[in-house]
Amino acid sequence: MTSLTVGMFDSFRGLLISYLTSLASVWLLCYLSANLVPVSGSHGVKLNTTEETVTVVAGKRAILPCSVDSIADLNVFRNEYKVIWVNPRKTVMSLGDRRLIDDSRVSVERPYMKIWNLLIRDVRHNDSGTYQCQVNTFPEQIKKVNLDVKVPPMIHNNLSTDKVDLKEHETATLVCNVSGVPHPNVTWFKRDTVLKQKERIGTEGEVLIIHNITRVCQGTYECYVDNGVPPALTKAIRVVVNYAPKVYLDGPKRLGQSLGKETIVECHVSAHPQSETSWRKGGRILSKGEKYDIQVFVSEEENTVILALRIRDITPDDFGHYDCVASNAIGSDKDTFILHETITTTTTEPPKVDSYNPDQFEEPRLYNSKPEHKLGNHEVDYHSQITEIQSSNKGVNMGYDDSDSGSGAKSETLQNSVSAGNFISPSLMYVEPSSLVMYKFPHYSHITFIPSPLSVRRHRKKRQQQERCRR
């Protein structure tokens, strides 16, 4: 027998059973109606007709109560009275304690003689409705039981968003398609991977729309689904924002240094997808070697790397413009700094100090942050209150731009401090007297610093963009 023939036979069998069940229900109702026993002669048969509601979660068991009190003899009751259950579709489900429908989940439970409860196992949502327990007295006695089936929330992954990949300033649409009874509420959150927490955003609903999206809006979003029927569910949706590189030097654009010394500068590159980065001088790409040391570090900021350039044994040819360049499929960007020569003078060597005295120096204070560390030929000791540098023969010059400040006194003091082996870090490249801003290179010296006004403005702008994502 072919599968097609078997399928047709099963379909015909189902239709036949349904037809015979409906026909039997109609015949049974007609029979009971024709054999109603008047209440006056019903031997005290009384059905509890108080309407009730039974609430159950889908998948559980539902017990629909029905009790009949009678002072009649048991044999008389069996011969003259019939108790039936009728479902919401007006189909007779049982006669006495016998099941009449083709549903093995249903049975009549009688723990006591007067109890005629209807038991439904593995309840489904389509079982909801009003059921009737009837006794064929005249007038007919009927008890109504309302079955309310609750369904836990469900997320339909095939109709929901898993990942959104788009460019900056486009519109992102996140969908969390859900169902349940009652219909669930959907709340949206954005995860903060740094603080290990999540923040509520937008309004409730199955769709979250982010207009004019920016790079600070990228990350993992989460829809939380709950309708009061446990368990509540969550779904993570990844939002990826592609944008052209943004390059910036977290420090001054002009650096002064003496001949024979060395200097270090860093540039930050933020891009997605990841960009190609390089240091250039006069259009020529610089490569790592005896003259230059180029290192790449991963920043704490997402999709950001730090490109560090170290120039050794500075000669007149090394002065000029240096470009930090980055490019990807979307665009390119660069930032430039100028290295120029600084002429230093020597003065009387100041006394060496064993501990820091704020009255002895005008320079910004630095505080210890990590144990012993080495940078090239310079040994940095973090065990004293102020960092001491034992310089090599060439030493490290703390450059100061006299042309911008109009004064060379501070540069002279810095140089003398280095000569004495008492000053603090080769990362102090340039100091503006008006703001006393100290710049650092954290991957070399690991020392905290006073943020520049430029860094403060960038941080404030980033926070403003993040506020837009929360709306």
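Description of the structure in this document. (Residues numbered from 1 in each chain as written. Predicted model: local features only at pLDDT ≥ 70, side-chain atom pairs only at ≥ 80, totals over all residues. Heavy atoms only, no water.)

**Focus on the sheet that holds strand β10 (residues 117-120)**
Strand order in the open sheet made by the three strands is β4-β10-β9, with antiparallel pairing throughout. Every interior strand has two partners, whereas the edge strands, β4 (62-64) and β9 (106-109), have only one. Ignoring which end each strand starts from, the neighbouring axes of this sheet average 25° apart. With three bridges connecting them, β4 and β10 associate as antiparallel partners. Opposite A62, over in β10, you have I120 as the bridge partner. (Pairing = 2+ DSSP bridges. Helix = DSSP H or I, 4+ residues; strand = E, 2+ residues; numbered from the N terminus. Axes fitted to C-alpha atoms, helices over the stretch in contact; angles between N-to-C directions.)

**Overview of the pairing of strand β28 (residues 320-327)**
Counted residue by residue, β28 has six buried out of eight residues, so it is predominantly covered. Taken together, the six bridges between strand β24 (residues 276-281) and β28 define a ladder with antiparallel strand orientation. Considered in β28, the bridge of S278 is made with V325. Sheet topology note: the β28/strand β29 (residues 332-341) ladder contains eight bridges and is antiparallel. Residue pairing in the sheet places Y322 in a bridge with F337 of β29. Counted along the chain from β28 to the antiparallel partner β29, the turn is four residues long. (Buried < 20%, exposed > 50% of the residue type's maximum accessible area, 1.4 Å probe, protein only.)

**Comments concerning the side chain of S258**
Topologically, S258 is positioned in the loop between β22 (254-257) and β23 (263-272). Reaching out from S258, the side chain makes a polar contact with the backbone oxygen of T342 at a distance of 3.0 Å. (Polar contact = N/O pair within 3.5 Å; in protein donor to acceptor, adjacent residues only side chain to side chain.)

**Regarding the sheet that holds β22**
Strand order in the open sheet formed by five strands is β22-β29-β28-β24-β25, with mixed pairing between adjacent strands. Of all the strands in the sheet, the pair left with one neighbour each is β22 and β25 (284-285). Pairing between β24 and β25: two bridges, direction antiparallel. Bridge pairing in β25 links R280 to I285.

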